[in-house]
Amino acid sequence: MTTSTADKGLEGVVALTSSVSSIVDGVLTYRGYDIDDLAENTTFEEVVYLLLNDDLPNQAQLDELKQQLDQERALPAEFLAQIKHFPKTALPMEALRTAVSMLSMFDAEANDITPESNRRKAIRMIAQFPTIIAALHRNRIGKEAVAPKAGMSTAASFLHMMHNTDPDPVAVEALDKALILHADHELNASTFAARQTVSTLSDMYSAMTSAIGALKGPLHGGANEQVIRTLQRIETPENVAPFLEQALAGKERIMGFGHRVYKDGDPRAKHLKKMSQELGKMTGETKWYVMSDMLENAMVEKKGLKPNVDFYSASVYFVLGIPVDLYTPIFALSRVSGWAAHVLEQFGNNRLIRPRADYTGPISRHSKPISER
Ligand SMILES: CC(C)(COP(=O)(O)OP(=O)(O)OC[C@H]1O[C@@H](n2cnc3c(N)ncnc32)[C@H](O)[C@@H]1OP(=O)(O)O)[C@@H](O)C(=O)NCCC(=O)NCCS
């Protein structure tokens, strides 16, 4: 047997340089600003500006970005007509992956990879992801898509287009914070997929399609959906301890715990935990927070594993009444901003990403005529 020298899962491998976000000693920063500071003191649109530029915007810069987002939110009518044909049973993440890929064919500058065009497309896609996700959801429940209204934040606009009502300010504030916390995360799997895609000088839509495919998996963005499904399986607070004992004995992976980079806790989790507790109290639906807190304590005690960003975002979205299979698409509607920033950075200093594999298969074989095999 041959022993491979490869780093399985590329753990610890530094694949490129980036000035978008960093994780150092368990502290996550976007362009040098601590995520705690951004979560407490900024809005998602300010973070979008920060990721696409070098610094937070002043008022005029923010107003200009919001105006651009307003102008770009609507989707082409023909595109909306096409996505109506998607099967109603399609998972929102597969529908989103296909829709984003398809949208490229409705964008006259989809294949223009000049910096100016890429920047325009970055803003366009950040603006359009909420519209696409809301339209896909309304299609599958047999309702007409809702046109975006100008003057709304990304969080408010998404909730408005989902429910066709004026969104609740508490829900808008919670979602806005969740979007800030999910916007970027150094060289995570989906961001790497996006960067690798454009390293071939492919286009922004292809990058986003690759990224959505990578985000979909339960070891990455798909974990938040699985968290709520786990809590639903547990059903009651009394069942938390026996459930965990049995699950760990069966070598089950408990979604929403552990992280490749953070070994002493994910800095985003505490914000979502606080939100989960507050929203639970506000709505009177405290069960999900209570069970989550118990599961966290039990996981720390039994496995020494702490919650990651997906763990408490699940109970936040659940209490906000968001359908479970939209949790990962919501992750995408935030992370598209980080993907876009990384794609612009990749184009700005590109070299084809093409690693090597340590070959471990048989060697020196010779083919025989087919009749002798
Ligand atoms: C995120 C994750 C993929 C990172 O994993 P990683 O760095 O590749 O670590 P590994 O998968 O090699 O796991 C290392 C050990 O911890 C255990 N472990 C890691 N996460 C675990 C979890 N959530 N539940 C139970 N055990 C876990 C593994 O079973 C393994 O144990 P072993 O050495 O006895 O086999 C992993 O923690 C995980 O699967 N978490 C659940 C999915 C999730 O929440 N993803 C969202 C991440 S933001």
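Residues numbered from 1 in each chain as written. Predicted model: local features only at pLDDT ≥ 70, side-chain atom pairs only at ≥ 80, totals over all residues.

### Considerations on the overall build of the protein
In step 1: From N to C terminus, the protein includes 16 helices and three strands.
In step 2: With respect to the three principal axes, the spread of C-alpha positions in the protein is 70 × 55 × 45 Å. (Helix = DSSP H or I, 4+ residues; strand = E, 2+ residues; numbered from the N terminus.)

### Some details on the packing of helix H5 (residues 92-103) against helix H16 (residues 327-348)
In step 1: Where H5 contacts H16, the axes come no closer than 8 Å and their chain directions differ by 35°. Where H5 abuts H16, its residues Pro92, Met93 and Leu96 lie against Thr328, Pro329 and Ala332.
In step 2: Residues belonging to the contact of H5 with H16 are distributed by class as follows: five nonpolar, one polar and no charged. (Axes fitted to C-alpha atoms, helices over the stretch in contact; angles between N-to-C directions. Contact = placed C-beta atoms within 7 Å. Nonpolar A, V, L, I, M, F, W, Y, C, P; charged D, E, K, R; others polar.)

### A short note on H16
In step 1: Relative to the 32 Å expected for 22 residues at 1.5 Å per residue, H16 spans 32 Å between its end C-alpha atoms, a close match to the ideal helical length.
In step 2: The buried fraction of H16 amounts to 19 of the 22 residues, a majority that puts the element mostly inside the structure. (Expected span 1.5 Å × (residues − 1). Buried ≥ 20, exposed ≤ 12 C-beta atoms within 10 Å, placed from the backbone.)

### Considering the domain arrangement of the protein
In step 1: The domain boundaries assigned to the protein delineate domain 1 (18-217 + 326-348) and domain 2 (223-319).
In step 2: Computed from C-alpha atoms alone, the centre-to-centre distance between domain 1 and domain 2 is 26 Å.
In step 3: Opposite the 17 residues of domain 1 that make contact, domain 2 presents 18 residues.
In step 4: When residues of the side of domain 1 that touches domain 2 are traced back to their parent elements, those giving at least two are strand E2 (27-30), helix H1 (35-41), helix H8 (169-182) and H16.
In step 5: In terms of residues, the side of domain 1 that touches domain 2 owes the most to one element, H8, which gives six residues. (Domains from an automatic or database assignment.)

### Brief notes about the pairing of E2
In step 1: Burial of E2 is one-sided: the residues Leu28 and Tyr30 facing one way are buried, the residues Val27 and Thr29 facing the other way are not.
In step 2: One ladder, built from four bridges, connects strand E1 (residues 21-24) with E2; its direction is antiparallel. Bridging across to E2, Ser21 finds its partner in Tyr30.
In step 3: Taking the residues between adjacent antiparallel strands as the criterion, E1 and E2 are bridged by two residues, where Asp25 takes a positive phi near 50°.
In step 4: In textbook terms, the turn of a hairpin is the stretch between consecutive antiparallel strands, and for E2 and strand E3 (residues 33-34) this stretch comprises two residues, one of which, Arg31, has a positive phi near 45°. (Pairing = 2+ DSSP bridges.)

### Details of the nonpolar core
In step 1: Residues Leu96, Met208 and Ala340 are the most contacted members of the largest nonpolar core, which totals 99 residues.
In step 2: For this core, the leading source of residues is H16, giving eleven residues.
In step 3: Residue contributions to this core reach at least three from each of two domains, namely domain 1 (18-217 + 326-348) and domain 2 (223-319).
In step 4: Apart from residues lying up to four places away in sequence, Ala340 is in contact with Leu52, Ala122, Met125 and Ile126. (Core = buried A, V, L, I, M, F, W, Y, C linked by C-beta atoms within 7 Å.)

### A closer look at the sheet that holds E1
In step 1: Strand order in the open sheet formed by three strands is E1-E2-E3, and the pairing between neighbours is antiparallel. Across the chains shown, the open sheet's two edge strands, defined by having one partner strand only, are E1 and E3.
In step 2: As defined by bridge partners, E2 adjoins E3 across two bridges and the pair is classed as antiparallel. Paired with Thr29 across the strands is Asp34, a residue of E3.

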